[in-house]
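What the coordinates show
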2 protein chains.
Amino acid sequence: MRIGELARRTGVSVRSLRYYEEQHLLPAVRRQYPESAVGRVELIQQLYAAGLSSKTILGIMPSMVMGEVTPMLLDRLTDERDRIDQQIAGLTSTRDRLDAIISASHDLMSRGERCTTHCLLPGEHLNDLCSSVETAK
Amino acid sequence: MRIGELARRTGVSVRSLRYYEEQHLLPAVRRQYPESAVGRVELIQQLYAAGLSSKTILGIMPSMVMGEVTPMLLDRLTDERDRIDQQIAGLTSTRDRLDAIISASHDLMSRGERCTTHCLLPGEHLNDLCSSVETAK
DNA sequence: CTAAAACCTGACACTGACGTCAGAGGCAAC
DNA sequence: GTTGCCTCTGACGTCAGTGTCAGGTTTTAG
């Protein structure tokens, strides 16, 4: 498979694939990629989405491809897993915060009420922000 | 409170705080920040961590500060919440993938076995990657 | 009053993953 | 041949958040 087809099949731009190769994440043998490159590209994308850098991905790639893991790699994997766990926790808390506002405003709108005292950030005066938002544009 | 103290209390650099003000996320009144700025900075950081851009944050900020939300803001909030939900799902799947490797390698090491066929990415030859990793450094 | 400390403005640098463009080559069908 | 598509190399641009430095002003301590 050549780079164009790989790009089509993965939905990843040619530029990105070349970048991956540049980072030694995606080896090509004489302009040909094996069938397995598709899964590999998807793995790379997934790890990028999880906030790993190309260097980190390069580091843990061997353990993702082979079932075999050295103690050092195991450490790295565990570190990253823990980091992702933390990230999930943070995102969950953020989502809950957004959710609280969304459902609260649903409740309010269904009753036609208004509530400016039930702030999530206490101590703010409305004018503080309104003015800043207006002057922003 | 002035910017230095705010920086100390939030653990955010002075430079970043100034950037927030530049983006109209953190209004200052004559070089003075109100007590509530601390919570506000933490909110900003949390939203940044969730992948929101400064523009988006500026857009949804009013609804975070006041309980009141316009339908337009509600849409934006819902969009962001859904995006974060997706992000959480992706991260969870990535973490599970890492976890699978970690626990599998624990099992293997405890038995002193080796398993190169139990790959997570089928169809790869070990040499594909080993060579690419070696030549990387 | 003076010196030090904090602050402001403005600008440029950097990172990382990727876009984009130019120029050059390869390989197919017509 | 040549037309056209795909590829490669190389370089520069982008974006957002932040570091950093220079040079000037304000606030605070003595």
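The model shown is predicted, which means the values in this text are computed figures rather than measured ones. (Residues numbered from 1 in each chain as written. Chains lettered and ligands numbered in written order. Predicted model: local features only at pLDDT ≥ 70, side-chain atom pairs only at ≥ 80, totals over all residues.)

Secondary structure summary: chain A contains six helices and zero strands in total. When the helices and strands of chain A are listed from N to C terminus, the series reads α-α-α-α-α-α. Among the 137 residues that make up chain A, the fraction classed as buried is 24%. (Helix = DSSP H or I, 4+ residues; strand = E, 2+ residues; numbered from the N terminus. Buried ≥ 20, exposed ≤ 12 C-beta atoms within 10 Å, placed from the backbone.)

It is worth spelling out the protein's contact with DNA strand C at this point. Surveying the vicinity of DNA strand C reveals 13 residues, the closest of which are S13, R15 and S54 of chain A together with R2 and G4 of chain B. Only α2 (14-22) of chain A together with α1 (3-10) of chain B provide two or more residues apiece to the surface near DNA strand C. When its residues are assigned to classes, the surface near DNA strand C shows three nonpolar, five polar and five charged. (Near = placed C-beta within 6 Å. Nonpolar A, V, L, I, M, F, W, Y, C, P; charged D, E, K, R; others polar.)

Another aspect to go through is the domain arrangement of chain A. All names here are of chain A. Its domain assignment divides chain A into domain 1 (1-67) and domain 2 (69-137). Every contact between the two is made by eight residues of domain 1 and, on the other side, seven residues of domain 2. Across the side of domain 1 that touches domain 2, the residue classes tally to four nonpolar, four polar and no charged. (Domains from an automatic or database assignment. Contact = placed C-beta atoms within 7 Å.)

Here the focus is the protein's contact with DNA strand D. Among the 13 residues in the neighbourhood of DNA strand D, the closest are listed as R2 and G4 of chain A together with S13, R15 and S54 of chain B. If you list the elements that add at least two residues to the surface near DNA strand D, you get α1 (3-10) of chain A together with α2 (14-22) of chain B. The class makeup of the residues in the surface near DNA strand D is three nonpolar, five polar and five charged.

Our focus in this paragraph is the nonpolar core. Within the largest apolar cluster, 25 residues are counted, with the highest numbers of intra-cluster contacts made by L25, L26, V41, I44, I57, I60 and M61 of chain A. No other element matches the six residues that helix α4 (residues 54-65) of chain A contributes to this core. If we ignore the near neighbours within four places in the chain, the residues touching I60 of chain A are L73, R76, L77 and E80 of chain A. One finds I101 of chain A together with Y33, L47 and L58 of chain B within the second-largest nonpolar core, a separate group that totals 24 residues. (Core = buried A, V, L, I, M, F, W, Y, C linked by C-beta atoms within 7 Å.)

Let's shift gears to the packing of α1 of chain A against helix α3 (residues 37-49) of chain A. All names here are of chain A. Between α1 and α3, whose axes approach to 10 Å, the crossing angle comes to 55 degrees. Judged by the inter-axis angle, α1 sits oblique to α3. Read as a crossing pair, α1 and α3 show a hand that is right-handed. Between α1 and α3, the residues in contact are L6, R9 and T10 and A37, V38, V41 and E42, respectively. When the residues that make up the contact of α1 with α3 are grouped by side-chain class, the tally is four nonpolar, one polar and two charged. (Axes fitted to C-alpha atoms, helices over the stretch in contact; angles between N-to-C directions. Parallel < 35°, antiparallel > 145°, perpendicular 65-115°, else oblique. Left-handed = near helix turned anticlockwise from the far one by under 90°.)

So, on to the environment of R18 of chain A. Residues and elements named next belong to chain A. Of note, R18 is situated in helix α2. The exposure class assigned to R18 is partly exposed, which follows from the 14 C-beta atoms found within 10 Å. A sequence separation of 10 residues divides R18 from A28, and the C-alpha atoms of the two residues are 9.8 Å apart.

It is worth spelling out helix α4 (residues 54-65) of chain B at this point. The first and last C-alpha atoms of α4 of chain B sit 16 Å apart over 12 residues, in line with the 16 Å expected at 1.5 Å per residue. Within α4 of chain B, the full set of buried residues consists of I57, L58, I60, M61, S63, M64 and V65 of chain B. (Expected span 1.5 Å × (residues − 1).)

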